[in-house]
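Letter by letter, the chains look like this.
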Amino acid sequence: MIAFAGLPFLFGLSGPTVALASSAFLDAGNVLRSTVCEQIATEVSSSSVVYYNGASTGSSQYAKDNYHWSASSSHASECSFEPATAEDIGIALRILGQTQTQFGIKSGGHATNAGFSSTSGVQIAMYSFSDVVYDSEAQTATVGTGLVWDDVYIALEQYNMTVVGPKVTGIGIGGIALGGGYSYLTNQHGLAIDNVVAYELVLPNGTVTDITSSTNSDLFFALRGGFNNFGIVTRVTLKTYPQSKIWGGRVLYMQDQWEGASSAIANFWANVTDPKASMYHAYSYVSGVAAMSSIFFYDAPTRPEGMFDEFLSVSHFEEDISTRSYVSLIQSLPLNVTSGFRSVFYAVAMEEVTVPVLNMIANETLSRGAELTESSARIISYDVDIYLSTLYDHGDSPTAYPPSRSRGYSFIQVYYGWADSNYDDTMFDTVDASAQHMTQALTDYGQDVANVAMYPNDAPPGMALEKMYGDNLPRLRAIKKAVDPNNVMGLAGGWKFWS
């Protein structure tokens, strides 16, 4: 997670390569129209809409549908399709499968890897699935995958309830509810996927079905971490939890203040086991300036006496800490200020968060930041995400990710943002080298982390499926072939189980 709100000086590959089988024609307005797009527009209901670039109407909606947070994952599609019903998605999937047309499925558009939710074919944008239905008796919320999590937090705030979702603003429902979901509430309630009760799924053959642990245990296992391999999810039903005001916010430390802050982080990791407490820290190099943004969270209006005092006593540049609403904390960290850069993530697990480890991370931030400045780097960030070792104990049944729940880990989340596509390979090579260096350093410190499963949402292009899904991969591949024997979902990008 990257939080640069306190930096006033901020400025603003593994996808499919299937060739489009469709032909196209110029209409009377000189707009290029795809025959596949036109077939979808003709066969779906009037409530679902196809948009084209350059058309007299809908051009702005086409741009919105294709927009992605990261420039490296953006494409110009032949058309965009906004389905309004699950049945219309089923019709589109049938047409796309029959014509072997590449497509993308966009929830919030926060994927960084090229082609994972974008496409040069038909861009499916889920915006019309924007409902939030709270069931007070069942203590669940059913949410559409066209929403971002902010929308859900805000809708549930009136009931003093919330769900387990991401820590920052602007993240779509789909990638978290199908990919994992580390949260401020994870120490208490697990990952977001641990709190899914049901999915509404459009299967590759067009059938609309509800997936729960009792209706289809294989698909319920596979969807929780397996992304879009098995169809298109339109709605997700999640457990809800009471949510009061919280205590928290951000403190900004400049480079000469890192030593005291790092000591406080190590002491917190070693001594605090309260599951209501959460934090992460972004060691960052931005336009030649090194700073660390620390985010603190306690799930109550006031923190226990003494907790976080060491952080606040360390000299710091800026502070924004208060009793506030949960959504206020989420939205105080404007991740979208990093939008428009080319981007890559990488995650490295830690068993222990000690001062030597933190010094290693700080040094890596400074050295890689300086090294990559001439390669158009704008933001280099190494985030320290602290969790209890019991974080994986909250799941009721097995999930595709993580493949092992024997213990939980804290993480180093690496993020590089850069401007020039000519340096893509440099960035990918450097982030991989940095991750390997840190993994070896942690191993040298006695930490057994070399084979910990990679979080798929933080995996760079080309990451081996075995590294993310481990012993679960054969089962996932078998479920994939049973559900999608013609590999329709292979026409969309992402981590693919077909073999």
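Residues numbered from 1 in each chain as written. Predicted model: local features only at pLDDT ≥ 70, side-chain atom pairs only at ≥ 80, totals over all residues. Heavy atoms only, no water.

1. What to know about the environment of Glu364
How we decide: Helical segments are the DSSP runs of H or I of at least four residues, strand segments are the runs of E of at least two, and each set is numbered from the N terminus. Exposure categories follow from relative accessible area, calculated using a 1.4 Å probe and restricted to protein chains: below 20% of the type maximum is buried, above 50% is exposed, and the middle band is partly exposed. We call two residues contacting when some pair of their heavy atoms lies within 4.5 Å.
By the secondary structure assignment, Glu364 is in helix 11 (residues 355-372). What makes Glu364 buried here is its relative accessible area of 5%. For Glu364, the residues in contact, after removing those within four places along its chain, are Gly369, Tyr382, Ser434, His437 and Met438.

2. Regarding the nonpolar core
As a rule of thumb, nonpolar side chains are buried together in soluble globular proteins. This is how the line gets drawn: For the purposes of this section, nonpolar cores are sets of buried Ala, Val, Leu, Ile, Met, Phe, Trp, Tyr and Cys residues that join through side-chain atoms within 4.5 Å.
Core analysis: the largest hydrophobic core is formed by 124 residues, its most contacted members being Tyr199, Phe308, Ile361, Tyr416 and Tyr469. By residue number, the principal contributor to this core is helix 12 (residues 424-444), which donates seven residues. If sequence neighbours within four positions are ignored, Ile361 has contacts with Tyr283, Met350, Tyr382, Val384 and Ile412. In terms of nonpolar packing, the next biggest core, distinct from the first, is built from 27 residues, Leu96, Val122, Ile124 and Leu491 among them.

3. Some details on the packing of aromatic side chains
Given two aromatic rings, their pairing is described by the distance between the two centres and the angle made by the two planes. Defined as follows: Geometry of aromatic contacts follows a simple scheme: Phe, Tyr and Trp rings, the Trp one being its six-membered ring, pair when their centres are within 6.5 Å, and the pair is stacked under 30 degrees between planes, edge-to-face over 60, tilted otherwise.
This model, assessed by the stated rule, comprises 26 aromatic pairs. Aromatic pair Tyr153 and Tyr326: ring centres 5.2 Å apart, planes at 75°, arrangement edge-to-face. Residue Tyr153 is found in helix 4 (residues 149-157), and its partner Tyr326 is found in helix 10 (residues 326-331); the two are separated by 173 residues along the sequence. Look at Phe230 and Phe497: their rings are 6.0 Å apart centre to centre, the planes differ by 45°, and that puts the pair in the tilted class. A residue pair is termed long-range when its members are at least 10 positions apart, and Phe230 in the loop between helix 7 (217-226) and strand 12 (232-239) and Phe497 in the segment after helix 14 (473-483) qualify at 267 residues.

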